[in-house]
Structure formats: structure tokens, C-alpha cells
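# Summary of structural features
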Amino acid sequence: MIKERYDMAKQIYGKLGVDTDQALETLKGISISMHCWQGDDVTGFDNDGPLSGGIQATGSYPGKARTPEELMADIDMVLSMVPGKHKINLHANYAIFENGEFADRDKLEPKHFAKWVEFAKERGLGLDFNPTFFSHPKAGQFTLSSPDEEIRKFWIDHGKACIRISEYFATELGQPCVMNIWIPDGYKDIPADRLSPRARFKDSLDQILSIGYDKNKVIVALESKVFGIGVESYTVGSSEFCINYAAKNGILSLMDNGHYHPTEVVSDKISSMLLFADKIALHVTRPVRWDSDHVVLFDDETREIAKEVIRNDALDRVILALDFFDASINRVAAWTIGMRNMQKSLLYALLTPNDKLKQLQNDGRFTELLMQQEELKSYPFGDVWDYFCEINNVPVKEEWYAKVSTYEEEVLLKRQ
């Protein structure tokens, strides 16, 4: 029945000039970087202290991963339900120490991530990386912009160490590693001096990048934020700072769609960025009133983000990663829902007759354009998605939830 429904959908889309076979082939080749921190509420393995940096993971659903082995098992379960080949996005606080060894973040080395490389190699995955400038005794109000030179040097050394680790990932796995820098620095109330912290941040970034690295292997990105808990009035790494620094220094701007004012949308920013940057990076999330990192849905903004990537022929220029964490529901299910929804959004965009719609816009035929955009919403997109899942040997529709329920009963609940 799934193949029959797909064949019918293929004919329907074909009348619009859309090749569904080609859409599925393209989708199969799109790699999404899946964030490791959904599995353990951003805890990591290097520190028993609380989350800091304006980050909160709410809820106490049973089954949280407590060890690297548990986290890797959960990732395996998710990947068994998500079509295609993807990447795993690691934070530095997910270093794995063995035989009683410990290294603080300024002393991290590739060997502390060897288990992750082994995990990725066995599964044909890539790895991306993030320095962790939060949840640490030296991550108070400031890190890379700290007026305390000893604190600032510690975090500069951490950034340098992370570049070396990223280069190790790329060398071992044979594909580039995106290393994204984000800091939570800022002030709760109106500052007396906005310039000096940003000048220190700029100098810190200059020092991190000065170590020299293979830019074909390590793609450094810089992520902005409008505000955070405890830094509501002033964020050092603002959008203007990060975009300008990235443009001047030949690194990528990374846009997280939870890191802007509530009326701003990243989907509207992509086309502007593509006019001036060779590549950009995205963290796709779902903000609810603020940067709350809810599970990605198949909603309007996620679809619009995907449309902008596809209609601008920018799959090789936009690097996609997810960033959310929800401890109020089954964490494996949350991952699966988010990953599949990002893929659904990309497929929806691939099944859109973008050239035809663009021509209607250029011709000023706005009534027909609106009509066509609305009619497309009820086209048999779901039948094409179901077929994509079947030919990639992953569960179709909600069948995947039975696997998660069994996994919860047999594995997750026994972690309590």
C-alpha cells in the first residue's frame, strides 16, 4: 500500500513539474548534526555541578543517560528510527575520562574523545564540536570577555584545545568538523560600559584562531544570542558583533532561531546571509516566548527555514544542526521527533515547485501564488515521506513509538 500511495503521489506532484524520486534522492544525502545533549539534559561527563550560563533543562522524566555508554546506546536507538546518515554534535563537557584520569577544559586533548571517534567510525557518522563555556567553576558572569585575565586565559586555552580536537575529528572521520563558539557572557542590568567586554571577546577570539589550523577540516562558527537568564540587558556576543566578526575573520555565522527577538525569524535572514557569506550554519530549535529549546516541530518556521535552504539551492552552503533538550518527555522520543521533523520539512521544501512559484511572484500574479501555496498544503506529502522511511528501513508513521516504548520499559526505566 505504501508503494501504491507513493506512485499516486508521484503522479500528482509530477503535474506540477516536481520529481519525487529526485526529491528523495536529494533528501537521503542531507546530513543533519544531531546534538548529543538532548540525551542527558546538557549535563556532560566532566562536572557534577549545576547548569549555568542561562541554560535550564526542565522536567524529571525517567531514563536520563548517566554514562557515555548509556548516551551512545540512546543515540543508536534514535538513529535506527531516522532515515539517512547524519552527524553527532558534541559539547566539550562530554569528554570521556578513563582509569581515574581527569583534564580540566583548558587541558582537553583528542584522546579524551577517542571513544566518540570510535563510535562514529563504526556507524559511518561525522562529528561536530562545541567548546563548553558554561557549567564550570570558572564560568561565572564572564568567560572569553572576562576582565579577570586569568579566567580569560583559561577559556582562551579551552577554545584552542577544542580546535585541535575538532581537527582530530575531521582527520579521523574524513569529513569536516564544524566547531561552534557560543558564550553566555553579559549583564543582568544596564551596563556602564558595553565596548570593553566586546573588545576583550574580540581579542580572545583572535587568540583562539591564531593557533593555525586546517580550514578544510575545521569550520569555525560563531553563534550570537539576544539575551539569557541573568544577562537580560546586555549580551556580549550580540548578533551584530558575531556577524561582523565572522565576516571579517573568514569564519561562519551560526544562527540559532531561538536567539533573536520574538518577532524575528531566521527564515527571513537566510537569503540575506547567503548574499554575503559563502556558508552559514544553523541551530534549529523551537523557542516558546524565549530561547527555551523545545523539540523541533513540523511547524511554519521549520518549514520556512527548509524552504529557504532548498529554494536558494543552498544545501552545500547551509550547515544544519539541531539544538533542543526536553526533560519532561521521553528523551529518545524527543530526539526522534525533532530529527524526523527536520527531514520532513526538507522534504516538504523539495516537493515544492519553487521555480513555478518564483515566476508567479515575478509576474505579479499574487492571487494565483497564494492559491498555489495554500493548495500545496493538502498535497500527498505524507505518502512520499512514508515511502522514504520504508526504503530506508526505518519505521513508518507512528510505528517508531512502539520501539521507544519497548526501549523505555526494557532499558530506560531500569536506570532509576
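Quick caveat: nothing in here was measured; it's all calculated off a predicted structure.

## Overview of the environment of Leu350
Structurally, the position occupied by Leu350 is in helix H10 (residues 331-350). Through-space distance from the C-alpha of Leu350 to that of Leu24 is 8.4 Å; in sequence the pair is 326 residues apart. Contacts of Leu350, omitting those with residues within four sequence positions, involve Val18, Ala23, Thr26, Leu27 and Ile310.

## A few points about helix H4 (residues 114-123)
Within H4 the residues assigned to the buried category are Trp116, Val117, Phe119 and Ala120. Down the axis, H4 shows its buried residues gathered within 160° of arc, on one side only. On its buried side, H4 packs onto helix H3 (68-79), strand S2 (87-91), strand S3 (126-130) and helix H5 (149-173). Following H4 by one or two positions, Gly124 has its phi on the positive side, about 70°.

## Let's talk about the packing of helix H9 (residues 300-311) against H10
As a packed pair, H9 and H10 sit with axes 8 Å apart at the nearest point and diverge in direction by 50°. When the axis of H9 is compared with that of H10, the two are oblique. In the crossing of H9 with H10, the sense of the turn from one axis to the other is right-handed. Along its contact with H9, which presents Thr302, Arg303, Ala306, Lys307 and Ile310, the element H10 presents Met342, Ser345, Leu346, Tyr348, Ala349 and Leu350. Across the contact of H9 with H10, the residue classes break down as 7 nonpolar, 2 polar and 2 charged.

## Details of helix H2 (residues 20-28)
Turning to H2, its buried residues are Thr20, Ala23, Leu24 and Leu27. Projection of H2 onto a plane perpendicular to its axis shows the buried side chains occupying an angular sector of 95°, all on one side. The inward-facing, buried residues of H2 contact helix H1 (2-14), H10 and helix H13 (381-391). Among the residues of H2, the N-terminal cap falls to Asp19, whose side-chain oxygen and the backbone nitrogen of Asp21 are separated by 3.0 Å.

## Quick look at the pairing of strand S10 (residues 318-322)
For S10, the tally of buried residues reaches 4 of 5 residues, placing the bulk of the element in the interior. As defined by bridge partners, strand S9 (residues 280-284) adjoins S10 across 5 bridges and the pair is classed as parallel. Bridging across to S10, Leu282 finds its partner in Leu320. At this point the chain moves from S9, through H9, to the parallel S10, and the crossover so formed is right-handed.

## Digging into the side chain of Thr352
Tracing the backbone through its elements, the reader meets Thr352 in the loop between H10 and helix H11 (354-362). The exposure class of Thr352 is buried, given its relative accessible area of 10%. From its side chain, Thr352 meets the backbone oxygen of Tyr348 in a polar contact 2.8 Å long. Ignoring anything within four residues of it in the chain, the contact list for Thr352 reads Val18, Leu357 and Leu376.

Definitions and limits used
Within each chain, residue numbers correspond to sequence positions counted from 1 in written order. At least 70 in pLDDT is required for a residue's local features to be given in this predicted model, at least 80 for side-chain atom pairs to be given and counted, and no such filter applies to totals for whole chains, interfaces and linings, which use all residues. The side-chain numbers reported here are obtained from all heavy atoms of the structure, hydrogens and water having been left aside. Comment: elements are numbered from the N terminus, with helices defined as DSSP H or I runs of at least four residues and strands as E runs of at least two. Pairs of residues are marked as contacts when any of their non-hydrogen atoms sit within 4.5 Å. Burial classes: relative accessible area under 20% of the type maximum marks a residue as buried, over 50% as exposed, and values in between as partly exposed (1.4 Å probe, protein chains only). Arc, as used here, means the arc of the directions from the helix axis to the C-beta atoms. Lines fitted to the C-alpha atoms define the axes, with helices restricted to the stretch that makes contact. Angles between their N-to-C directions range from 0 to 180 degrees. Here the word oblique covers every angle except those under 35 degrees (roughly parallel), over 145 (roughly antiparallel) and from 65 to 115 (roughly perpendicular). Should the near helix be turned anticlockwise from the far one by less than a right angle, the crossing is left-handed, and should it be turned clockwise, the crossing is right-handed. Here the term charged refers only to Asp, Glu, Lys and Arg, the term nonpolar to Ala, Val, Leu, Ile, Met, Phe, Trp, Tyr, Cys and Pro, and the term polar to all other amino acids, Gly among them. Under this definition, polar contacts are N or O atom pairs within 3.5 Å; protein pairs additionally need one hydrogen-donor-capable and one acceptor-capable atom, and for neighbouring residues in sequence, both atoms have to be side-chain atoms. Think of it this way: DSSP has to see at least two bridges between two strands before they count as a pair. Think of it like this: strands point away, you trace from the first strand over the helix to the second, and a clockwise trace means the crossover is right-handed.

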